[in-house]
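Spelled out from the first residue to the last, the chains are:
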Amino acid sequence: MSDLDPTLTVLLYSSLAAFTAGLGILPQALSGRLPMRALGWANALAAGLMLGVAYSLLYEGLSDRVLQGGAGALLGLLFVRLAHRGTGVQDLDLNRLDDLDPAYGYQIVLVNTLHGAYEGVAIGAAMLVSLPFGISTALALAVHNIPEAMVQTAVLESRGVRLRHAAGLAVAVNTNQVLVSVVVFVVARALPWLLPWAIGFAVGALLYLLMAELLPESYAQAGHTSIALVTLVAMGIVVALVGAG
Amino acid sequence: MSDVSLVFLYALATALATGLGAVPFLFVREVSPQVVAYSNAVAAGLMLGASFGLVSEGTTYGRWETLGGAIVGVVFILITQRLLDGYDEEKLIFGAATGESARRMLLMMVVMTVHSFSEGVAVGVSFGGGVELATLITAAIAVHNIPEGVAITAVMRPRGVSVARSGVWSVVSSLPQPLMAVPAFLFVEAFRPALPWGLGFAAGAMVFMVLVELLPEAFHEGGRRSVATLVTLTVIGMVLFQRFL
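Every residue gets a number counted from 1 within its own chain, in the order that chain's sequence is written. Each chain is given a letter, starting from A, and each ligand a number, starting from 1, according to the order in which they appear as written. Selection of residues for local features in this predicted model requires a pLDDT of at least 70, selection of side-chain atom pairs for listing and counting requires 80 or more, and totals for whole chains, interfaces and linings are taken over all residues. In computing side-chain properties, one takes all heavy atoms of the structure into account and sets aside hydrogens as well as water.

J.: Go over the overall build of chain A with me, naming the residues and quoting the values.
T.: By definition, any uninterrupted DSSP run of H or I lasting at least four residues is a helix, any uninterrupted run of E lasting at least two residues is a strand, and each is numbered from the N terminus. Looking only at helices and strands, chain A has nine helices and zero strands in total. Shown N-terminal to C-terminal, the secondary structure of chain A runs as helices and strands in the order α-α-α-α-α-α-α-α-α. We compute the radius of gyration over the C-alpha atoms and compare it with the globule rule, which gives 2.2 Å times the number of residues raised to the power 0.38. Rg of the C-alpha trace for chain A: 17 Å, near the compact-globule value of 18 Å for 245 residues, within the 12% margin. With the principal axes as the frame, chain A shows a C-alpha extent of 45 × 35 × 35 Å. Every one of the 245 residues in chain A was classed for burial, and the buried ones make up 60%. In chain A, the proportion of contacts linking residues at least 24 apart, taken out of those at least 6 apart, comes to 84%. For each residue, the accessible area found with a 1.4 Å probe, counting protein chains only, is set against the maximum for its type, and the residue is called buried under 20%, exposed over 50%, and partly exposed in between. When checking whether two residues touch, look at their non-hydrogen atoms; a contact exists if any pair is within 4.5 Å.

Pasting the structure below:
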């Protein structure tokens, strides 16, 4: 797909994914404070894209060595639970616009930083499966970063953070995606037996995140039917396009 | 025995296997709100994992046809929901339950039964290449059906349907399999083009059911970390299970 050095390709597309997060301020910049419904749909959109990426990783990424993939998924699930408990962000509702507790501000930024890291594992591992597959995975997660940043921006803005600062923060929060994806790519290229573990890790982590942190609030913010439809359409687009890459 | 009756018998055996899915619920004594929530989470994970398998099979026949089928599946469930909503609470009866519980069980039966039509076609088409591998294919499909029985019982048992009846309903939901397997076997060439549509339809209907009914109810009474963990584990388990059979 490109003549670029593979590692630079990873660097380029993961950076692109991190920078698109800055676009998450656009809805607010254009239309002011967002209605709760819109936040629900943003969460559902982010969740659906993640679900599509998890499916593609499982079925396009893990051709054989499914067992290592499964073990990696358990590891990913366990890691997310421990990391979120260890940093005190387990059971965090990411949408409390009226919560002005000082701790909540850093928790939101921290939990989105952790999300970025798991997505970095997904990008790095997908790039090793094949560069076109990795590129479409990175693009799907780049789009995913926009609604994710949108919700974070809504929380930050209600705490008095300026929009352009919120855009900077959204990008900053996702920069670890760049670091993690390059590290995973380089390490798993040197140690090929790690690849199914890395793919599984990303799948376990993404599935858990979207179930534990993206979907639960969304159902309270908008109707069940619209949430299900947004999630399903987002997933369908990723399955159709990423698989075709 | 003729090939046709053989295909019918094999497909019937796989349908009966679905009833085995009720067996684990012999060991669940009390039915608390938590049991309802976590049963829903398990059903959601099983159906999501099963849909992943259907999508991956469908896309090998035709990517866009699978997507088209999924859209039809979602529209079908939306229409069924509207029809069921049109009934009075008292008139809607399923077993001992009325109203909302009856509606959800009916919807579950509709989803799982229509999805069996596509599975029946898949069985018939796969036998279409000859019946040498029949025993192997049948055993694999029969085992695949057990989790579907688990999913159905997980929705029915907490709503007061007995384990035995849940098992019977599970078998009923799979009866379209033998009915569809025979024509699909006889007219493989005619049925094969329809297969991606059917598989997509089944996957779309099941994922939509998960997102619109099962997950919201799971989150309603269950903790989100536990629900997310259960869903992730069952999805991974189901995918591994399908890959190894």
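So much for the structure itself; the text now carries on.
J.: Give me the lowdown on the overall build of chain B, citing residues and values where you can.
T.: Along chain B, the regular secondary structure elements total 10 helices and two strands. N-terminal to C-terminal, the α/β element order of chain B is α-α-α-β-β-α-α-α-α-α-α-α. Here chain B has a C-alpha radius of gyration of 17 Å; the compact-globule value for 245 residues is 18 Å, and the two agree. Looking at chain B as a whole, 59% of its 245 residues qualify as buried.

J.: Requested: an account of the interface of chain A and chain B, with residues and values cited.
T.: Taken together, the contacts link 41 residues of chain A with 34 residues of chain B. Summed over both sides, the interface between chain A and chain B buries roughly 3,400 Å², with carbon and sulfur atoms accounting for 72% of that surface. Among the residues of chain A in contact with chain B, Tyr59(A), Met211(A) and Leu232(A) are the three that bury the most area, contributing 19% of the side total. When a carboxyl oxygen of Asp or Glu is within 4 Å of a side-chain nitrogen of Lys or Arg, the pair counts as a salt bridge. Seen at the junction of chain A and chain B, the total is three salt bridges. Residue Arg225(B) is joined to Asp91(A) by a salt bridge in which the shortest nitrogen-to-oxygen separation is 2.9 Å. Residues adjacent in sequence count toward polar contacts only when both atoms are side-chain atoms; beyond that, a polar contact is any pair of N or O atoms within 3.5 Å, and within protein one must be able to donate a hydrogen and the other to accept it. Linking chain A with chain B are nine residue pairs in polar contact (both at pLDDT 80 or more). Among the elements of the structure, helix H3 (36-61), helix H4 (66-86), helix H8 (194-221) and helix H9 (224-244) of chain A are those that each provide at least two residues to the side of chain A that touches chain B. Among the elements that line the side of chain A that touches chain B, the one with the most residues is H9(A), at 13 residues. Accessible area that two parts lose when put together, with a 1.4 Å probe and added across both, is what the buried area reports.

J.: Could you give an account of the packing of aromatic side chains, with specific residues and numbers?
T.: Stacked, tilted and edge-to-face are the three classes assigned to paired rings of Phe, Tyr and Trp, where Trp is represented by its six-membered ring and a pair needs centres within 6.5 Å; plane angles under 30 degrees give stacked, over 60 edge-to-face, the rest tilted. For the structure shown, the criterion picks out seven aromatic pairs over all chains. A ring pair is formed by Phe79(A) and Tyr118(A), whose centres lie 6.3 Å apart and whose planes are at 85°; its orientation type is edge-to-face. Here Tyr118(A) lies in helix H5 (residues 102-129) and Phe79(A) lies in helix H4, a separation of 39 residues in the sequence. An angle of 55° between the planes, with centres 5.5 Å apart, marks the rings of Phe76(B) and Phe201(B) as tilted. A residue pair is termed long-range when its members are at least 10 positions apart, and Phe76(B) in helix H3 (residues 63-85) and Phe201(B) in helix H9 (residues 195-221) qualify at 125 residues. Relative accessible area serves as the criterion here: at 28%, Phe76(B) is assigned to the partly exposed category.

J.: Give a description of H5(A) that names residues and reports values.
T.: Each full turn of the α-helix corresponds to 3.6 residues, which orients residues three or four apart in the same direction. Counted at 1.5 Å a residue, the expected span for H5(A) with its 28 residues is 40 Å, and the 42 Å between its end C-alpha atoms agrees. A large share of H5(A) lies buried, amounting to 21 of its 28 residues. To estimate how far a helix should extend, the number of its residues minus one is multiplied by 1.5 Å.

J.: Describe the side chain of Gln107(A), with residues and values.
T.: Structurally, Gln107(A) is set in helix H5. In contact with Gln107(A), not counting residues within four places along its chain, are Gly88(A), Val89(A) and Leu92(A).

J.: Run through unusual backbone geometry, naming residues and quoting values.
T.: Even without a glycine there, the phi angle at Asp91(A) is positive, about 60°. Following the sequence through the fold, Asp91(A) ends up in the loop between H4 and H5.

J.: Now, about the pattern of salt bridges: what can you tell me, with residues and values included?
T.: A side chain with one charge may pair with a side chain of the opposite charge, provided their charged atoms come close. Residues and elements named next belong to chain B. All told, the structure shown has 12 salt bridges over all chains when counted by the stated rule. For the salt bridge of Arg-159 with Glu-217, the shortest nitrogen-to-oxygen distance reads 2.7 Å. Taken together, the residues span a long stretch of sequence, with Arg-159 in the loop between helix H5 (134-156) and helix H6 (163-174) and Glu-217 in helix H9 at a distance of 58 residues. The same class applies to Arg-159 as to Glu-217, namely buried. One continuous salt-bridge network, built from bridges that share partners, spans Asp-85, Glu-100, Arg-103, Arg-104, Arg-159, Glu-213 and Glu-217.

J.: Kindly report on the nonpolar core, identifying the contributing residues and their values.
T.: As used here, the term nonpolar core means buried Ala, Val, Leu, Ile, Met, Phe, Trp, Tyr and Cys residues forming a set that is joined through side-chain atoms within 4.5 Å. Core analysis: the largest hydrophobic core is formed by 143 residues, its most contacted members being Leu57(A), Tyr118(A), Leu210(A), Leu215(A), Met47(B), Phe52(B) and Leu215(B). A total of 17 residues in this core trace back to one element, the largest contributor, which is H8(A). In this view, Phe52(B) contacts Leu51(A), Tyr55(A), Leu58(A), Tyr59(A), Met235(A), Val235(B) and Val239(B); residues no more than four positions away in its chain are not counted. Counting seven residues, the second largest nonpolar core, distinct from the first, contains Val7(B), Ala11(B), Ile141(B) and Phe185(B).

J.: Just give me the short version of the packing of H5(A) against helix H7 (residues 163-190) of chain A, but keep the residues and values in it.
T.: All names here are of chain A. Between the N-to-C directions of two axes lies an angle of 0 to 180 degrees, each axis being a line fitted to C-alpha atoms and, for a helix, fitted only over the stretch in contact. The interhelical angle for the contact between H5 and H7, taken along N-to-C directions, is 30°, at an axis separation of 7 Å. Where H5 crosses over H7, the handedness of that crossing is right-handed. Residue composition of the contact of H5 with H7, by class: 12 nonpolar, nine polar and two charged. It is the rotation of the near helix from the far one that decides the hand of a crossing: anticlockwise by less than a right angle makes it left-handed, clockwise makes it right-handed. We call Asp, Glu, Lys and Arg charged. Ala, Val, Leu, Ile, Met, Phe, Trp, Tyr, Cys and Pro are nonpolar, and the rest, Gly among them, are polar.

J.: Go over the packing of H4(A) against helix H10 (residues 224-244) of chain B, please, and point to the residues and values.
T.: As a packed pair, H4(A) and H10(B) sit with axes 10 Å apart at the nearest point and diverge in direction by 175°. Compared by their axis directions, H4(A) and H10(B) come out roughly antiparallel. Two secondary-structure elements touch here, H4(A) through Val66(A), Leu67(A), Gly70(A), Ala73(A), Leu74(A), Leu77(A) and Arg81(A) and H10(B) through Arg225(B), Thr229(B), Thr232(B), Leu233(B), Ile236(B), Leu240(B), Arg243(B) and Phe244(B). When its residues are assigned to classes, the contact of H4(A) with H10(B) shows nine nonpolar, three polar and three charged. Working rule for angles: under 35 degrees goes down as roughly parallel, over 145 as roughly antiparallel, 65 to 115 as roughly perpendicular, anything else as oblique.

J.: Could you give an account of the environment of Ala203(B), with specific residues and numbers?
T.: All names here are of chain B. Along the chain, Ala-203 turns up in helix H9. Note on Ala-203: relative accessible area 3%, which makes it buried. Note: C-alpha distance between Ala-203 and Gly-58 (145 residues apart in sequence) is 9.3 Å. If sequence neighbours within four positions are ignored, Ala-203 has contacts with Ser-51, Leu-54 and Val-55.

J.: Explain a nonpolar patch on the surface residue by residue, including any values.
T.: Residue and element names in this part refer to chain A. Patch building starts from residues that exceed 30% relative accessible area and form no salt bridge, then joins like charges within 9 Å and nonpolar side chains (Val, Leu, Ile, Met, Phe, Trp, Tyr) within 5 Å. Shrake-Rupley sampling with a 1.4 Å probe provides the accessible areas, and residues are treated as covered by the protein chains on show and by no other component. A surface patch of nonpolar side chains, amounting to about 660 Å² of accessible area, comprises Leu-75, Leu-179, Val-183, Val-187, Leu-191, Trp-193 and Trp-197. In terms of residue count, H7 provides more of the nonpolar patch than any other element does, three residues in total. Overall, Val-183 belongs to the partly exposed group, its relative accessible area being 43%.

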